[in-house]
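Residues per chain are reported as follows:
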Amino acid sequence: MDQPHRNAALGREPIRTIDREELKAKLDRGDEFMLIMALNRWAYDAKHIPGSVHFDTPDELYAALGPDDEVVVYCSNVDCLSSVALYRDLVRRGYRNVRRFSGGLLNWEDAGLPLEGEYAAEARQ
């Protein structure tokens with residue numbers, strides 16, 4: 001299941017997604033795209049997928065993106081509203097190449113993939 005629960009979807013249109021294997025392959029290849037963690041600064045500082053970024057304000061986010069940039073958003077899991085809301089907002093604003101890593105941080109971590117952040121090392125123990 002890569003779509004959020006129908007009550008958490010914040011809209012009726014399907015959300016374009018990327019799975020863990022494709023995301024990892026893109027990161028391993030060094031593809032040019034922006035991986036954005038949609039959770040708050042505390043969560044980002046605690047642990048995040050390597051190569052991802054976080055923006056503290058919408059103005060910072062929109063200043064960093066062009067309408068044709070490839071963007072992948074994620075948060076904690078498939079039903080997390082943060083990445084759903086960010087995805088919907090970007091699409092509504094005309095960004096054309098947006099996808100959501102629906103499994104989020106929990107799916108990445110459960111697969112034993114690398115993490116960065118203050119608590120990333122503790123997650124490995």
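Preceding this paragraph is the structure being described.
Residues numbered from 1 in each chain as written. Predicted model: local features only at pLDDT ≥ 70, side-chain atom pairs only at ≥ 80, totals over all residues. Heavy atoms only, no water.

**Student:** Can you walk me through the state of the cysteines in this structure?
**Tutor:** Enumeration over the complete set of coordinates arrives at one disulfide. For Cys-75, the disulfide goes to Cys-80, at an S-S distance of 2.4 Å. The pair Cys-75 / Cys-80 is uniform in exposure class, with both members buried. (Disulfide = S-S within 2.5 Å. Buried < 20%, exposed > 50% of the residue type's maximum accessible area, 1.4 Å probe, protein only.)

**Student:** Can you walk me through the sheet that holds strand E1 (residues 34–37) in this structure?
**Tutor:** What holds strands together in a sheet is hydrogen bonding between their backbones, with the strands either parallel or antiparallel. The sheet built from four strands is open, its strands ordered E2-E1-E3-E4 with parallel pairing. Edge positions in the open sheet fall to strand E2 (52–53) and strand E4 (98–100), since each of these has one partner strand only. (Pairing = 2+ DSSP bridges. Helix = DSSP H or I, 4+ residues; strand = E, 2+ residues; numbered from the N terminus.)

**Student:** Can you help me understand the layout of surface pockets in this one?
**Tutor:** In this approach a probe as big as a water molecule rolls over the atoms, and the regions it shows empty are the leftover space. Computed from the structure, the largest pocket encloses a volume of approximately 160 Å³. Along the walls of the largest pocket sit Ile-36, Met-37, Ala-38, Leu-39, His-54, Phe-55, Thr-57, Pro-58, Leu-61, Ser-82, Ala-85 and Leu-86, which together make up its complete lining. Put simply, the parts of the chain that give the lining of the largest pocket at least two residues each are E1, helix H3 (58–64) and helix H4 (81–92). Taken together, the residues of the lining of the largest pocket break down into nine nonpolar, three polar and no charged. (1 Å grid on protein atoms, 1.4 Å probe; cavity = no way out; pocket = protein on both sides within 12 Å on 5 of 7 lines; lining within 4 Å. Points joined across faces, edges and corners; volume = space filled by probe spheres on them. Nonpolar A, V, L, I, M, F, W, Y, C, P; charged D, E, K, R; others polar.)

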